[in-house]
Amino acid sequence: MTNPDMVVSMQKCAAIVTDEGGITAHAAIVSREMGIPAVVGTRLATTKLKEGEVITVDGSTGQIYKGKVAETQKKEILPVSAKTKTKIKVIVDLPSFAERASRTGIKQIGLTRIEGIIAESGKHPNYFLEKGNIDDYEEIIFKGINGIAKFFDEMWIRTSDIRSDEFKNLEGAPKKVEVNPMLGLHGIRYGLKNPKILKAELKALKRVVEKSGKKIGVMMPQIISVSELQKVKEFLKEINFSEVKTGIMVETPAAVQLIKDFCNEGMDFISFGTNDLTQYILAVDRGNEKVQDLYNEMHPAVLHQLEFVIRVCKRNNVETSICGQAGSRKEMARFLVERGIDSISVNADVAKEISDYVAEVEKEIGEAVREYQPKEEKDTEDFVKPQNAIPEEETPKINGSEENGEDKESSEDKSLDIF
Ligand code: PEP
Ligand code: MG
């Protein structure tokens, strides 16, 4: 497997072919940002291909040809021209490719994975912890984000989300890869268990705001409990970082179920991490090529969650967005625009195509869905109803909210029955 901790060597490649992985594997995401053709999950590449053999890789169809059958083509970044009500943002993970993404003309970033900066540095955050020089880590993150900030006005930066299988080659990385890394110690749970690391990341962001005057939103990955959001807000207070928006990634079923509680706690935005949300809802490992045929972000069970969260967030004035790969797919863009999502984050290489398409969809649907529609007024017919939907009386209710003395509206929000 090509891991994102190989970003430095990946930059020297003409193309990438892997045995393992799916299209939301970080190696695939990173190579897309670099504009390098990649075909992942072939299973057989390393046994079939010989050292030194010349091949041609077509990254858009997944075909690999013997010999040189075409010239190398870099995917060009086209400037966005459509005016859309749904904001189109870009995903930028690597400082060295920020300029490339900025050629879209888009000024907002919907996701920066700081793992890109960490990978370019070659060192795992644990390295700095063990050496007792966490300030150096803060400096690396500061420089990386500041480098990206030059090209943009507003950025939502995610605190680190470092899986043990993906970043094992970095200096100082834990030697042992977890048995189940997808469900292991990464994301906000890692940051909260290693507060020096998380605080260093937050301090770095604060310095970027102070230096550049750019707007920053801090985004928390793999959130499952309101207490995690509360703790991060405490940390922000502790370091006097008030000029910042706070938001969570909605990428676990827990975040979906508790969305009303997150809204009540107070946050500025949510962003759908559909890469993970899909794998956790469908119980399909996003990195396992054997089950890629089952990995489907448009599965009714996933769409059901997205619509529910948008509805609750709209009702509570929390901004909604998507930063998973599915946002770069037309069918998902249509689904979300029709539900009134506020913004969509896309890969730079499809920014023009998706923004043109969103403009088309908006023209088709008019203004109606952009405002919150009370449940009574907006009925079921435009929603993708899961087959075998659970009858109303059996839909899961959480914590017996009505018995807890909550009002009817909030108990409706907590039910996953959104029809
Ligand atoms: C996601 O899960 O959709 C996401 C954007 O995060 P990552 O791909 O880094 O897990
Ligand atoms: Mg994720």
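Scroll up for the structure.
In what follows, the accompanying structure is described. (Residues numbered from 1 in each chain as written. Chains lettered and ligands numbered in written order. Predicted model: local features only at pLDDT ≥ 70, side-chain atom pairs only at ≥ 80, totals over all residues.)

Our next topic: the site of ligand 1. Around ligand 1 sit L111, R113, D161, E251, G273, T274, N275, D276, C323 and G324, and those are all the residues in its vicinity. For the shell around ligand 1, the secondary structure elements donating two or more residues are strand 6 (108-113) and helix 13 (274-282). A total of three residues in the shell around ligand 1 trace back to one element, the largest contributor, which is helix 13. Its residues placed into classes, the shell around ligand 1 shows two nonpolar, four polar and four charged. (Near = placed C-beta within 6 Å. Helix = DSSP H or I, 4+ residues; strand = E, 2+ residues; numbered from the N terminus. Nonpolar A, V, L, I, M, F, W, Y, C, P; charged D, E, K, R; others polar.)

Taking burial as the measure, the nine residues of helix 2 (residues 26-34) include nine buried ones, the bulk of the element. Residues of helix 2 that are buried: H26, A27, A28, I29, V30, S31, R32, E33 and M34. Contact partners of the buried residues in helix 2: helix 1 (7-10), strand 1 (16-17) and strand 2 (38-39). Positive phi appears at G35, one or two residues downstream of helix 2, with a value of about 80°. (Buried ≥ 20, exposed ≤ 12 C-beta atoms within 10 Å, placed from the backbone. Contact = placed C-beta atoms within 7 Å.)

Our next topic: the packing of helix 15 (residues 330-338) against helix 16 (residues 351-365). Here helix 15 crosses helix 16 at 40°, and the two axes come no closer than 10 Å. One element, helix 15, and the other, helix 16, form an angle in the oblique class. Handedness of the crossing formed by helix 15 with helix 16: right-handed. On the side of helix 15, the interface is formed by K330, A333, R334, V337 and E338, while helix 16 contributes I354, Y357, V358, V361, E362 and I365. (Axes fitted to C-alpha atoms, helices over the stretch in contact; angles between N-to-C directions. Parallel < 35°, antiparallel > 145°, perpendicular 65-115°, else oblique. Left-handed = near helix turned anticlockwise from the far one by under 90°.)

Judged by how many residues are buried, strand 7 (residues 154-158) sits mostly within the fold: four of five residues are covered. Sheet topology note: the strand 6/strand 7 ladder contains four bridges and is parallel. Residue pairing across strands places I109 opposite M155, the latter belonging to strand 7. (Pairing = 2+ DSSP bridges.)

It is worth spelling out unusual backbone geometry at this point. Phi is positive for N240, which is not a glycine, with a value near 60°. Along the chain, N240 falls in the loop between helix 10 (226-238) and strand 9 (245-250). The backbone of A283 sits at a positive phi, close to 55°, despite the residue not being glycine. Here A283 is to be found in the loop between helix 13 and helix 14 (300-315). Residue class for A283 comes out exposed when judged on the 8 C-beta atoms lying within 10 Å of it.

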